[in-house]
Amino acid sequence: MNGNPTLPPVPHYTPAGPTKEPLDYADLPIIDLEQARTNPTAAAAQICNAMSTQGFLYIVNHGYTSSQIERIFDIGNVPFEQVPAEEKKQFDAKPHVTGSFQGYKFRQYFHIQGGVGDQVEMYNINRDVTRRSHPEAIRPYIPEIDAFVRHNHFNVANTILRLLALGLELPEETFLEMHDFSKVSEPFVRFMKYYPRTEEEEAKTNGVWLKGHTDFGSITLLYSQPVSGLQMLGQDGKWRWVKHIENAIIVNAGDSLEFISGGFYKATIHRTVQPPPDQRNVTRLGVAYFNHFDDDVKLVPVVSQQADIKRGFEDDKALTVKEWRMRRTLGYGNTKTELKEGAMHGESKVQEEVIGGVVVKHYN
């Protein structure tokens with residue numbers, strides 16, 4: 001239980017220790033957020049290079065202590081271990097029906113391969129934590145989740161968005177003006193818990209827990225945790241593991257940022273796979289903040305100086321952020337969504353679907 005008498009007690013979640021397996025790790029830059037604020041020019045160049053090539057980087061010194069993050073992970077375990085199954089059903093998000101992840105996404109909801117479903121349960125809370133009600137066990141922690149949301153939005157994401165704008169030689173407020181905290185939109189905190197699968201299921205899916213994909217927002221902030229499973233697809237077509245760094249945030253770019261930057265920043269292709277042998281048969285708890293541009297923003301480039309601007313859509317046919325997000329949510333992992341076999345990409349088989357005239361790829 002938490003020892004701070006001013007905060008409601010919460011059962012402690014103890015994760016497995018970091019893997020000792022010799023994994024092939026991706027070489028990702030590490031950005032000190034405090035230093036970035038004092039020397040934004042250098043940080044913008046570093047972030048610009050990372051996001052225009054592989055779309056992945058680490059953030060450290062982000063303003064939350066290790067004990068604060070430990071507390072957030074303890075809270076993040078509550079939706080899975082402290083809420084009765086019958087009560088969970090009342091908060092079913094039904095993403096393939098609603099086009100929204102707000103609430104629970106239960107296990108076996110996404111189809112992975114060979115008739116095998118996923119084993120990750122999620123509970124998602126909108127940036128406006130009062131927008132929807134929550135299970136009784138979660139309610140005492142809503143003020144802390146609200147503070148966590150605001151920290152991610154104002155202190156972490158906004159700093160990164162300023163640097164991304166500077167990297168494009170745009171006014172530093174450009175992207176911030178498209179992330180208005182007061183507007184109704186779908187940025188959200190996600191608590192997620194992966195559960196082990198059977199060997200038969202692992203064989204049918206080649207150990208893939210979530211297919212290679214891109215996120216569909218602007219940037220995603222994933223708090224590093226010790227159970228390995230996250231991999232990114234390198235420019236050479238090879239999958240590499242993303243290493244755990246204590247109290248770091250893993251940042252990746254999403255589709256919307258790629259569209260709005262005219263293809264300059266790259267939506268990160270990543271997946272989740274079975275952990276290495278010394279971490280199998282344990283649960284994997286995750287905490288993330290998914291940032292999105294405002295719902296009414298059109299997915300057209302804001303840059304004009306690049307010679308090689310890439311448009312996701314013709315300007316007069318461009319979808320809004322809300323339209324893109326809903327279509328991606330309705331389709332992801334849905335067995336009714338028609339996927340066509342595409343060409344191989346490095347080590348991966350590619351399956352394709354067309355959304356709003358854009359080819360969306362899934363990597364297996």
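Scoring rules and cut-offs
Residues numbered from 1 in each chain as written. Predicted model: local features only at pLDDT ≥ 70, side-chain atom pairs only at ≥ 80, totals over all residues. Heavy atoms only, no water. UniProt positions renumbered as here; feature names shortened; annotations may be inferred. Helix = DSSP H or I, 4+ residues; strand = E, 2+ residues; numbered from the N terminus. Pairing = 2+ DSSP bridges. Salt bridge = Lys/Arg side-chain N within 4 Å of Asp/Glu carboxyl O. Buried < 20%, exposed > 50% of the residue type's maximum accessible area, 1.4 Å probe, protein only. Polar contact = N/O pair within 3.5 Å; in protein donor to acceptor, adjacent residues only side chain to side chain. Contact = heavy atoms within 4.5 Å. Axes fitted to C-alpha atoms, helices over the stretch in contact; angles between N-to-C directions. 1 Å grid on protein atoms, 1.4 Å probe; cavity = no way out; pocket = protein on both sides within 12 Å on 5 of 7 lines; lining within 4 Å. Points joined across faces, edges and corners; volume = space filled by probe spheres on them. Nonpolar A, V, L, I, M, F, W, Y, C, P; charged D, E, K, R; others polar.

### Section: the UniProt feature "domain: Non-haem dioxygenase N-terminal" (unreviewed entry) in the protein
Reasoning step 1: The feature "domain: Non-haem dioxygenase N-terminal" (unreviewed entry), as annotated in UniProt, sits at residues 28-132 in this numbering.
Reasoning step 2: Structurally, residues 28-132 is divided into 43% helix and 22% strand, and its ends, taken at the C-alpha atoms, are 37 Å apart.

### As for the pairing of strand β16 (residues 350-355)
Regular strands have side chains that alternate between both faces of the sheet.
Reasoning step 1: Where strand β15 (residues 340-341) lies against β16, two bridges are found, and the strand directions are antiparallel. Each bridged residue has a counterpart across the sheet, and for E341 the counterpart in β16 is Q351.
Reasoning step 2: Linking β16 back to strand β17 (residues 358-363) in an antiparallel pair, the connection comprises two residues, with G356 at a positive phi of about 60 degrees.

### Examining the pattern of salt bridges
Reasoning step 1: Applying the stated rule across the entire model yields 19 salt bridges.
Reasoning step 2: Residue E144 is joined to R71 by a salt bridge in which the shortest nitrogen-to-oxygen separation is 2.7 Å. One end of the pair, E144, is in helix α6 (residues 142-167); the other, R71, is in helix α3 (residues 66-81), and 73 residues separate them in sequence.
Reasoning step 3: Residue E144 is classed as buried on the basis of its relative accessible area of 16%.
Reasoning step 4: Here R325 makes a salt bridge to D295, at a shortest N to O gap of 2.6 Å. On the criterion of sequence distance, the pair formed by R325 in helix α9 (residues 321-331) and D295 in the loop between β14 (284-290) and α9 is long-range, its members being 30 residues apart.
Reasoning step 5: With a relative accessible area of 6%, R325 lands in the buried category.

### Quick word on the side chain of R197
Reasoning step 1: Its location among the elements puts R197 in the loop between β7 (188-194) and α7 (199-205).
Reasoning step 2: For R197, a relative accessible area of 7% puts it in the buried group.
Reasoning step 3: Engagement of the side chain of R197 in a polar contact is seen with the backbone oxygen of V208, the distance being 3.0 Å.
Reasoning step 4: With sequence-adjacent residues up to four places away left out, R197 is seen in contact with I112, V116, G117, Q119, E202, T205, G207, V208 and W209.

### Examining the sheet that holds strand β6 (residues 120-126)
Reasoning step 1: If you walk across this open sheet you meet the eight strands as β1-β2-β12-β9-β14-β7-β6-β3, and the pairing is mixed. A single partner strand is all that each edge strand has here, and the edge strands are β1 (30-32) and β3 (103-105). Across the sheet, the mean angle separating the axes of adjacent strands is 25 degrees when strand polarity is ignored.
Reasoning step 2: Bridge count for strand β9 (residues 219-223) against strand β12 (residues 249-253) is five bridges, and the pairing is antiparallel. If you follow T220 over to β12, its bridge partner there is N252.
Reasoning step 3: Its contacts with the sheet put helix α2 (residues 40-53) on β1, β2 (56-60) and β12, and the angle it makes with β2 is roughly 145 degrees.

### Details of empty space enclosed by the protein
Reasoning step 1: Following the criterion strictly, the structure yields one cavity of 30 Å³ or more and no others.
Reasoning step 2: As a volume, the largest cavity reaches approximately 550 Å³.
Reasoning step 3: In terms of lining, the largest cavity is formed by 39 residues, of which the most central are M192, Y194, H213, H270 and F290.
Reasoning step 4: Put simply, the parts of the chain that give the lining of the largest cavity at least two residues each are β7, β8 (208-213), β9, β12, β13 (270-273) and β14.
Reasoning step 5: In terms of residue count, β14 provides more of the lining of the largest cavity than any other element does, five residues in total.
Reasoning step 6: Grouping the amino acids of the lining of the largest cavity by side-chain chemistry returns 19 nonpolar, 14 polar and six charged.

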